[in-house]
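Structural overview
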Amino acid sequence: MKTVTIRLTMMTDHVKNFVSLVNRYPYDMDLRSGRYVVDAKSILGIFSIDLSKPIRMTIYSDECDDLLRELDDYIVKEEPEQEQQ
């Protein structure tokens, strides 16, 4: 199982492209926003959660590096810490 943080926008095309991408893979996947959990392959489920904040995505497979590569544009990258002078 792997968990990443993603960001989706309310734009219909953005969510539609995400759902199309994840549906090409056989893995079960959930999205968690607060206390709500929806199927990552459900466009209606995604629009029922708060998309104004980053979302936790859980992929129920350890062998999902191919999917993670394709999700790169959606994954929230950690901000590098700034050096203090």
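Owing to the predicted nature of the structure, the values given are computational and were not obtained by experimental measurement.

**Quick look at the pairing of strand 4 (residues 55-59)**
In summary, the side chains of a regular strand alternate between the two faces of the sheet. The buried count for strand 4 comes to four of five residues, which makes it a mostly enclosed element. Pairing of strand 2 (residues 29-33) with strand 4 involves four bridges; the strand directions are antiparallel. Directly across from Met29, in strand 4, lies its bridge partner Ile59.

**A few points about the packing of aromatic side chains**
Scanning the entire structure with this criterion turns up two aromatic pairs. Residues Phe18 and Tyr74 carry aromatic rings whose centres are separated by 5.3 Å and whose planes lie at 70° to one another, so their mutual orientation is edge-to-face. Here Tyr74 lies in the segment after helix 3 (65-70) and Phe18 lies in helix 1 (residues 12-22), a separation of 56 residues in the sequence. Classification of Tyr74 by relative accessible area gives buried; the value is 10%. When the centroid spacing of 5.9 Å and the interplanar angle of 20° are considered together, the rings of Tyr25 and Tyr27 count as stacked. Across this residue pair, the class does not change: Tyr25 and Tyr27 are buried.

**Considering the environment of Tyr74**
The spatial distance from the C-alpha of Tyr74 to the C-alpha of Tyr25 is 16 Å, given a sequence separation of 49 residues. In this view, Tyr74 contacts Thr5, Ile6, Arg7, Leu8, His14, Asn17, Phe18 and Leu21; residues no more than four positions away in its chain are not counted.

**Here's the deal with the sheet that holds strand 4**
Two orientations exist for strands paired in a sheet by backbone hydrogen bonds: parallel and antiparallel. With antiparallel pairing, the four strands of this open sheet are ordered in space as 1-4-2-3. A strand with exactly one partner marks an edge of an open sheet, and here the two such strands are strand 1 (2-6) and strand 3 (36-39). Sheet twist, expressed as the average angle between the axes of neighbouring strands with direction ignored, equals 25°. Bridge count between strand 2 and strand 3: four bridges; the pairing is antiparallel. Along strand 3, the bridge assignment pairs Ser33 with Tyr36.

**Thoughts on the environment of Val15**
By the element assignment, Val15 lies in helix 1. Overall, Val15 belongs to the buried group, its relative accessible area being 0%. Each C-alpha atom, one on Val15 and one on Ile75, is 14 Å from the other, the two residues being 60 residues apart in sequence.

Criteria and cut-off values
- Residue indices begin from 1 for each chain and proceed along its sequence in written order.
- The predicted origin of the model limits local features to residues at a pLDDT of at least 70 and limits the giving and counting of side-chain atom pairs to 80 or more, whereas totals for whole chains, interfaces and linings rest on all residues.
- Only hydrogens and water are removed before side-chain values are computed, so all heavy atoms of the structure are retained for them.
- Here's how the labels work: a residue is buried when its accessible area is under 20% of the maximum for its type, exposed when over 50%, partly exposed in between, all with a 1.4 Å probe on protein chains only.
- Labels follow the DSSP assignment, with helices taken as runs of H or I lasting at least four residues and strands as runs of E lasting at least two, numbered in each case from the N terminus.
- Note on pairing: two strands pair once DSSP finds at least 2 bridges between them.
- Classification of ring pairs uses Phe, Tyr and Trp, with its six-membered ring standing for Trp, and accepts pairs whose centres are within 6.5 Å; under 30 degrees between planes counts as stacked, over 60 as edge-to-face, and the remaining range as tilted.
- Note on contacts: a residue pair qualifies if any of its non-hydrogen atoms lie within 4.5 Å across the two residues.
- Angles here are taken between N-to-C directions and fall from 0 to 180 degrees, while the axes themselves are lines fitted to C-alpha atoms, restricted in helices to the stretch in contact.

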